[in-house]
Amino acid sequence: MSYPNKKIRIFLVGGAVRDSILKKSSNDHDYVVVGATVEDMIKMGFRCIGKSFPVFIKSGEQGEYALARREIKIGKSHTDFKFFFSKDVTLEEDLQRRDFTCNAIAYDNELQQFIDPFGGIGDIKNKVLRVVDTVHFAEDPLRVLRLCRFSAQLDFDVDPLTMQIATKMTADGELENLSAERIWAEIYKALQCRDFYKFLQVANQCGVIQRLFFSQKMSDAEIERFRNLNEFNGFVKISTLLCYVTKSSETIAKQICVSLKMPSIYREFCLFVCKYKSQISINYEINLDDFVDIAEYLIKRPQHFENDFLNACFFFADYDIAKQNFIRKLLRNICSVLRGIKATDMPNFDKLPKDKTFAEQYKQYKISLLKQLVF
């Protein structure tokens, strides 16, 4: 790429640089432009898309390009910053405002070399999350959640000073300055990580679990148990966590779901697991009344929910594979039978009153057929 001014330099930064050092593929392509103005960017064919600060895209070019900047905290929210753009802002000044050293490395494609003023490459090799600048880090409460999430995403440990700062920020109530949407966004990203238990480990140590999930601090053994969820998806992980910290209280679980503004599909599933897990994980006796409710919920939901529900419930049960398979087959058979039952199949359907008692009569009809066909 040619520049109208030879002093203008463009550097790849952030996740793409970190992931290249880790020899991982990356979807992040963020660039910092040093020595340029908005007018320079437009002359080079870029289009400005940023609202809070100048971020640009260009047809035919991959990723986003931001002018190098400094920032000053002007309020309590993690978005309350005043940004300064100037041709004089250096690459190092821009990198210094970033969260962790592993994310504060730049790559100069022209010279084909890394620029690493804060020791990020060494921390990547040692698998350590370390703050770049203690003052900048403490100004943004979202970084506490990013610390927890990156620990799971990268399988990195946390530097002691970094943990100390994050713990103090949480204790000082800094998370209350974050919107529920931003909190859930970080939790959602963590749920996609295989090692979600590492998110819980760090979040528990710095007080995030206690703040966000109305929970007491968990023991190391309790956290370690969540390692068994590594192979499962986000629905299983979040529902299991909620059931565990709330002791399956639907009321408390609902309060947490509301406070986090959890999307309805996650909220409904979590509350469903909290309500019915005891039928799967504790009782050996089959309560057909509950099993019909369970099956009818699952029939109307995505197909994977059947396995998700059972996997979440089995987390709380000491069942061998034989019993797990028995319950899976039983629930699958119940769902199959219920899919084939219509209200019009009921004896004297035309004569039955279609009032508030009808739903219960229909349910009892289903139970009677299940007793004949399944049991």
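For the structure, see preceding data.
Here is what the cut-offs are and how they apply
Residues numbered from 1 in each chain as written. Predicted model: local features only at pLDDT ≥ 70, side-chain atom pairs only at ≥ 80, totals over all residues. Heavy atoms only, no water. Phe/Tyr/Trp six-rings, centres within 6.5 Å; stacked < 30°, edge-to-face > 60°. Helix = DSSP H or I, 4+ residues; strand = E, 2+ residues; numbered from the N terminus. Buried < 20%, exposed > 50% of the residue type's maximum accessible area, 1.4 Å probe, protein only. Lys NZ or Arg CZ within 6 Å of the ring centre and 35° of its normal. Salt bridge = Lys/Arg side-chain N within 4 Å of Asp/Glu carboxyl O.

Chemist: Help me get a handle on the packing of aromatic side chains, residues and values and all.
Modeler: Taken as a whole and assessed by the stated rule, the structure comprises 23 aromatic pairs. Arranged with centres 3.8 Å apart and planes meeting at 15 degrees, the rings of F272 and Y297 form a pair that is stacked. With F272 in helix α14 (residues 264–281) and Y297 in helix α15 (residues 288–299), the pair connects residues that are 25 residues apart, well separated along the chain. Side by side, F272 and Y297 carry an identical accessibility label, which is buried. Three or more aromatic residues joined by ring pairs form one cluster here, namely W184, Y188, F235, Y266, F269 and F305. The ring of F150 has R149 sitting right over it, with the charged end atom 4.4 Å from the ring centre. It is K277 that lies over the ring of F316; its NZ or CZ is 4.5 Å from the centre.

Chemist: Give me the lowdown on the pattern of salt bridges, citing residues and values where you can.
Modeler: Evaluation of the coordinates by the stated rule reveals 28 salt bridges. Between D155 and K127 there is a salt bridge; the shortest N-O distance is 3.4 Å. With D155 in the loop between α6 (142–154) and β11 (157–158) and K127 in the loop between α4 (120–125) and β10 (128–129), this pair connects stretches of sequence that are 28 residues apart. Its relative accessible area of 28% is what places D155 among the partly exposed residues. According to the relative accessible area criterion, K127 is partly exposed, its value standing at 36%. Note that D159 and R130 form a salt bridge whose closest N and O atoms lie 3.0 Å from each other. Of the two residues, D159 sits in the loop between β11 and α7 (160–171) while R130 sits in the loop between β10 and α5 (134–138), which places them 29 residues apart along the sequence. A relative accessible area of 10% places D159 in the buried class.

On their own, these measurements won't tell you what the molecule is for.
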